[in-house]
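Below are the chains, spelled out letter by letter.
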Amino acid sequence: MNWPEAHKLPALFAGATLLPIAVLCWLGVRTLDQDRDLQRQRQRERLEVAAGRVALDIEQDLQQIEANLAAGNGIRLLPRGSVSPRQEPLLFQPDVPAVIVLPSPQLAAAAHLEDRNPFEAIRAYERIASIGAGPDRGEALVALGALLRRQRRFEEALRAYSDLEMLGAEPVAGGQPAALVAKQGRAKTFLESGDQVRLRREAAAFARALSAGGWLIDRASFELYQHDMIEPWGGPSADLHAVRRADAVADLWQRWRRGELEARGRRFVGRESSVLALWAGAPAAPVIALLDSDELRARWQAVWESEGLTVAVSRTDGQHLFGAANHELTLPPSETRLPFIMAIGSVSSTPATEDVFRRRAVISGIAVACLLMIAASCGLYRITTRELLLARQQSDFVAAVSHEFRTPLTSMRHLLDLLIGRDVVDEGRKTHYYDLLAGETERLQRMVETLLSFGRMDAAAHVWKLELLTVADVVYSAGNEFRREITPRSLEVDVDTDLPSIRGDREALSRALWNLLENAHKYSPNGDPIRLFARRTGATVVIGVEDHGLGIPVAEQQRVFQKFVRGDDAKRAGIRGVGVGLALVKRVAEAHGGTVGLTSAAGAGSTFTLVLPAEG
Ligand code: ADP
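The rules behind the values
Residues numbered from 1 in each chain as written. Predicted model: local features only at pLDDT ≥ 70, side-chain atom pairs only at ≥ 80, totals over all residues. Heavy atoms only, no water. Helix = DSSP H or I, 4+ residues; strand = E, 2+ residues; numbered from the N terminus. Buried < 20%, exposed > 50% of the residue type's maximum accessible area, 1.4 Å probe, protein only. Contact = heavy atoms within 4.5 Å. Lys, Arg positive; Asp, Glu negative; His and termini not counted. Charge placed at Lys NZ, Arg CZ, Asp CG, Glu CD. Axes fitted to C-alpha atoms, helices over the stretch in contact; angles between N-to-C directions. Parallel < 35°, antiparallel > 145°, perpendicular 65-115°, else oblique. Left-handed = near helix turned anticlockwise from the far one by under 90°. Nonpolar A, V, L, I, M, F, W, Y, C, P; charged D, E, K, R; others polar. Phe/Tyr/Trp six-rings, centres within 6.5 Å; stacked < 30°, edge-to-face > 60°. Core = buried A, V, L, I, M, F, W, Y, C linked by side-chain atoms within 4.5 Å. Salt bridge = Lys/Arg side-chain N within 4 Å of Asp/Glu carboxyl O. Patch = residues over 30% accessible without salt bridge, like charges linked within 9 Å, V, L, I, M, F, W, Y side chains within 5 Å. Areas by Shrake-Rupley, 256 points an atom, 1.4 Å probe, with all protein chains shown as cover. Domains from an automatic or database assignment. Buried area = accessible area lost by both parts, 1.4 Å probe.

Colleague: Run through the overall build of the protein chain, naming residues and quoting values.
Modeller: Tallying secondary structure elements over the protein chain gives 17 helices and 17 strands in all. Across its three principal axes, the protein chain shows a C-alpha extent of roughly 185 × 55 × 45 Å. The buried share of the protein chain, reckoned over its 616 residues, is 43%. In the protein chain, 64% of the contacts between residues at least 6 apart in sequence involve partners at least 24 apart. Across the protein chain, 74 positive and 77 negative side-chain charges occur, with their mean positions spaced 2 Å apart.

Written out as structure tokens, the structure is:
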């Protein structure tokens, strides 16, 4: 068989298997793709429904806030620039009406004295402060504090500022709340006296008072206090959240005053448009609610988290406010009626359990189908190759048998022609030819009998004639027969004395031994001696034939006992045979309840043994 022929069958089987597997895999991939698309679509639908619910919840919350506004609850804008402080007090007011107070004659006189006679001036201010009421008192305390500081009478200055602080929100020094002016004065006193510790403490107290809000100050004043005083003096920075709220109110107030505020609305306002304002009641009496981005997030986070969503919110101009979503879905205000854009994603993109289950089922189904196909194909391939091998062995057998028959028949015919033709006159030669004729006939007969017996044994139709046999008898007679027929061969027969008897079929055992001896002869082309032996091993009798011939490679040692199987070396060396001898030996051994053994190495010879149970 040349290379392409030898590989044709496996290639055919591989092709026939791989093609449907490829088709199956392709179908599988397509199914999985479609399934994934379907899954994505379903996930998106789920996301849309959840996002719709979130938008609705937010809308309802905003409506609730607006209902409160309509009921008057919120920050009220007042025409004179101030804002109702009922809600959270603001850090500064949108607008502060200017307070212009002309100094009283006493105050003017005291001020006049400041340069020429500070002591007199101090006394004058103290007098006004102790007896005076209304704006004069505050102004006197402000001037007194400043003058005392200039005179470096710091403790007295501090006392003056403490008195001033008691006046609370009363406007002094051009409209500033007395309490804040007092704080400012106290801090300056510490600054000028070089008392850093008390200065920092005062700055912190000033910051607390300022951030409590509710003062009638504008943004400029607030920034002056915060950035030019509190912060340089070591106080904390302002709460950005509160600043944005106040900014947002100022923004809305200005729009309102310009007449640009609709009756109701929702809009991001303030310096960076970072605060969502909702208002109602404009233009007559606007009421506002404010939500900055932190508040928006805190207010609704639970809503989208409960739906398993992540939400990023940005203003309609695209400015990002908060949240980082993976943007699977964007809901613009046109869809939600909300005043911002929501970018929505799901927290986990893990598919639903049933989807995972279905995918796994499809994949395992395909895998199982592929495995089954491969297994079926392998099985079929094995059966086919076995059948092909058997068919080839059988045809080899037929060819070998024909050849085995033809050889003796040809020489018999030739001998008969010689004898019948009376060409041979010498009696000695005639006898020799007759002997040759007898030998060939014997060989032919033995071959036919071996084949017939094997045929019967193979078909389990052989009738075994078991009897008690003396092993030595069987072995010696086989040895003698061998010596008689294969004369030039040296055979050593080595039989232990005191061997037990065996129960066996004499003829079958003789035939088996003959086959082993004939093989030893055939496969020892150099004429090395052969040994026939019999010995006792435990409860068995071992009869064996040992030669030093070709030997059998390990890979072939199992196979040579199968019918029609001939060794590669035997075929290569052109040694005649039909491949049933060892199969017959094996059947005979098994029919006697025994086994066959083989020890062999290629090139070193072989020892075949029949291991038979001993009798008694
Ligand atoms: P045959 O001898 O007719 O080929 P057998 O069944 O008797 O068939 O033997 C099967 C094969 O076993 C042989 O073809 C040969 O390769 C191998 N064989 C048997 N006996 C021997 C031996 N004594 N030495 C080497 N090879 C042997």
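Colleague: Lay out the packing of helix H7 (residues 196-211) against helix H8 (residues 219-230) with the relevant residues and their values.
Modeller: At a closest axis distance of 11 Å, the pairing of H7 and H8 adopts a crossing angle of 160°. As summarised for this structure, H7 and H8 are arranged roughly antiparallel, according to the angle between their axes. Here the hand of the crossing between H7 and H8 comes out left-handed. For the pair H7 and H8, the contacting residues are Ala203, Phe206, Ala207 and Leu210 in the first and Phe222, Tyr225, Gln226, Met229 and Ile230 in the second. A per-class count over the contact of H7 with H8 returns eight nonpolar, one polar and no charged.

Colleague: How would you sum up unusual backbone geometry? Please name residues and give values.
Modeller: A positive phi angle is found at Arg152, which is not glycine, with a value near 60°. With respect to the element layout, Arg152 can be found in the loop between helix H4 (135-150) and helix H5 (154-165). The class of Arg152 is exposed, set by a relative accessible area of 53%. Backbone geometry places Ala173, a non-glycine residue, at a positive phi of 45°.

Colleague: So what's going on with the packing of aromatic side chains? Residues and values would help.
Modeller: Here the structure, examined in full by the defined rule, presents eight aromatic pairs. A centroid spacing of 5.3 Å and a plane angle of 75° characterise the contact between Phe13 and Tyr381, whose relative ring orientation is edge-to-face. Separated by 368 residues along the polypeptide, Phe13 in helix H1 (residues 3-70) and Tyr381 in helix H12 (residues 353-420) bring together distant segments of the chain. Exposure remark for Phe13: the relative accessible area of 14% places this residue in the buried category.

Colleague: Residue-level account of the nonpolar core, with values.
Modeller: Counting residues in hydrophobic clusters, the biggest one holds 49 residues, and the most contacted among them are Val471, Val475, Leu509, Leu517, Leu532, Ile543 and Leu610. At eight residues, helix H15 (residues 506-522) tops the list of elements feeding residues into this core. The contacts of Leu517, once residues within four sequence positions are left out, are Ala478, Phe482, Leu491, Ile530, Leu532 and Val545. With 47 residues, the next largest nonpolar core counts Ala110, Ile128, Leu199 and Trp233 among its residues.

Colleague: Break down the pattern of salt bridges for me, citing the residues and quoting the values.
Modeller: As enumerated under the stated definition, the model contains 37 salt bridges in all. Ionic pairing is found between Asp61 and Arg299, a salt bridge with its closest N-O pair at 2.6 Å. Taken as a pair, Asp61 in helix H1 and Arg299 in helix H10 (residues 293-306) lie far apart in primary sequence, 238 residues in all. For Arg150, the salt bridge identified is with Glu114, shortest N-O distance 2.6 Å. Taken together, the residues Arg150 in helix H4 and Glu114 in helix H2 (residues 105-116) connect sequence positions 36 residues apart. Residue classification places Glu114 among the buried positions, given a relative accessible area of 17%. Counted as one network, the salt bridges with shared partners bring together Glu59, Glu66, Arg264 and Arg266.

Colleague: Now, about a nonpolar patch on the surface: what can you tell me, with residues and values included?
Modeller: Nonpolar side chains collect at one region of the surface, where Leu19, Val23, Trp26 and Leu27 lie side by side and expose about 430 Å² of accessible area between them. When you line up the elements, Leu27 lands in helix H1.

Colleague: Break down the domain arrangement of the protein chain for me, with residues and values.
Modeller: Here the protein chain is partitioned into domain 1 (54-88 + 243-346), domain 2 (105-237) and domain 3 (463-613). Here domain 1 and domain 2 have C-alpha centroids that lie 40 Å from each other. Of the roughly 290 Å² buried between domain 1 and domain 2 on both sides combined, carbon and sulfur atoms contribute 53%. Between domain 1 and domain 2 we count one salt bridge in total.

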